[in-house]
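Here are the chains, one letter per residue:
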Amino acid sequence: MAEAHQAVAFQFTVTPDGIDLQLGRDALRHLYLSGLIACRKRLITLKSSVLSGVYPASPSTWFAVVAVTLGSLYGKVDVSFGLITKISSLLPAQSVITPVSRTIVSAVLFSSGVWVSGILLYRQVLRMLLSYHGWMFEPHGKRSLKTKLWGVSLLIFSKDY
């Protein structure tokens with residue numbers, strides 16, 4: 001009988017005072033481990049969806065765009081043509097955030113917009129290049145200038161950076 005009590009993970013009894021629930025140490029450990037595994041799987045799924053969502057770019061290119069934008073601000077060169085100051089003026093809670101922090105946040109937002117726009121433009125160019133089928137209708141051994149330009153541009157745009 002003692003082995004049966006050890007095998008039970010939890011005990012549930014109803015008393016006149018209310019409900020009495022006793023969980024075993026192994027049950028709590030397994031609950032913790034299952035929660036940890038579920039959290040890890042969700043993080044892996046999130047990472048996979050982010051990486052596939054920004055294809056053909058990578059998150060490291062976002063960091064490079066932000067670094068170039070912040071470096072240009074440090075060098076007193078405005079690559080945004082005034083958009084960073086416009087974004088900075090639109091940010092809420094002007095009295096809470098320091099002007100330098102507002103500029104950094106607005107530069108990161110501007111860089112993120114440029115990065116996403118670049119990704120969308122890159123995808124559209126790849127779609128247009130991959131939809132060309134004129135090479136199939138040319139005679140064997142003779143390539144037109146249009147097909148040669150298409151092949152070179154496809155090689156350039158299909159590289160993984």
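All residue numbers refer to positions counted from 1 along the written sequence of the respective chain. A pLDDT threshold of at least 70 governs which residues receive local features in this predicted model, and a stricter bar of 80 or more applies before side-chain atom pairs are shown or counted, although totals over entire chains, interfaces and linings include all residues. Based on all heavy atoms of the structure, the side-chain values leave hydrogens and waters out of the count.

Asker: Is there a simple way to think about the overall build of the chain in this case?
Answerer: Each helix is a run of H or I in the DSSP string that is no shorter than four residues. Each strand is a run of E no shorter than two, and both are numbered from the N terminus. The secondary structure content of the chain amounts to six helices and two strands. Each helix and strand of the chain, ordered N terminal to C terminal, gives the series α-β-β-α-α-α-α-α. Here the radius of gyration uses the C-alpha set of atoms, whereas the globule reference equals 2.2 Å times the residue count to the power 0.38. On C-alpha atoms alone, the chain measures out to a radius of gyration of 29 Å, which is more than a quarter above the 15 Å that the 2.2 N^0.38 rule sets for 161 residues. Considered along the principal axes of its C-alpha atoms, the chain spans approximately 85 × 60 × 25 Å. Burial classes follow relative accessibility: with a 1.4 Å probe on protein chains only, a residue under 20% of its type's maximum area counts as buried, one over 50% as exposed, and anything between as partly exposed. Burial status across the chain gives 15% buried among its 161 residues. Only heavy atoms matter for contacts: two residues are in contact if any of them lie within 4.5 Å across the pair. The long-range share in the chain, meaning contacts at least 24 apart out of those at least 6 apart in sequence, stands at 49%.

Asker: Help me out: how do you make sense of a nonpolar patch on the surface in this one?
Answerer: Patch definition: residues above 30% relative accessible area lacking any salt bridge, with like charges linked at up to 9 Å and the nonpolar side chains Val, Leu, Ile, Met, Phe, Trp and Tyr linked at up to 5 Å. Computed by Shrake-Rupley with a 1.4 Å probe, the accessible areas treat only the displayed protein chains as cover when residues are assessed. What counts as a salt bridge is simple: a side-chain nitrogen of Lys or Arg found within 4 Å of a carboxyl oxygen of Asp or Glu. Together, L21, L23, L28 and L31 make up an exposed nonpolar region whose accessible area comes to about 380 Å². Breaking the nonpolar patch down by element, the ones donating at least two residues are β2 (18–23) and α2 (25–53). Considering the arrangement of structural elements, one finds L23 in strand β2. L23 gets classed as partly exposed once you look at its relative accessible area, which sits at 42%.

Asker: Before we go on, may I ask you to explain the side chain of S72 in this structure?
Answerer: Structurally, S72 can be placed in helix α3 (residues 59–74). Note on S72: relative accessible area 11%, which makes it buried. When near neighbours in sequence (up to four residues on either side) are disregarded, S72 contacts V77 and V79.

Asker: Just checking my understanding: could you explain the packing of helix α4 (residues 83–90) against helix α5 (residues 99–130) for this structure?
Answerer: What describes two packed helices is the angle between their axes and the distance between those same axes. Interaxial distance between α4 and α5 falls to 8 Å at its minimum, and their mutual angle equals 115 degrees. Pair α4 / α5 crosses with right-handed handedness. Residues L83, I84, I87, S88 and S89 of α4 form the contact with α5, whose own contacting residues are R102, T103, S106, A107, L109 and F110. We call Asp, Glu, Lys and Arg charged. Ala, Val, Leu, Ile, Met, Phe, Trp, Tyr, Cys and Pro are nonpolar, and the rest, Gly among them, are polar. For the contact of α4 with α5, a count of residues per class yields six nonpolar, four polar and one charged. Lines fitted to C-alpha atoms define the axes, with helix axes restricted to the stretch in contact, and inter-axis angles between N-to-C directions lie between 0 and 180 degrees. Rotating anticlockwise by less than a right angle from the far helix to the near helix defines a left-handed crossing, while the corresponding clockwise rotation defines a right-handed one.

Asker: Help me out: how do you make sense of the UniProt feature "transmembrane region" (unreviewed entry) in the chain in this one?
Answerer: Listed under "transmembrane region" (unreviewed entry) in the UniProt record, and renumbered for this structure, are residues 50–74 and 104–122. Between the C-alpha atoms that bound residues 50–74 there is a distance of 30 Å. The span itself is 80% helix and 0% strand. Secondary structure across residues 104–122 comprises 100% helix and 0% strand; the distance between its end C-alpha atoms is 27 Å. UniProt positions are given in the numbering used here, feature names are shortened, and annotations may be inferred rather than shown by experiment.

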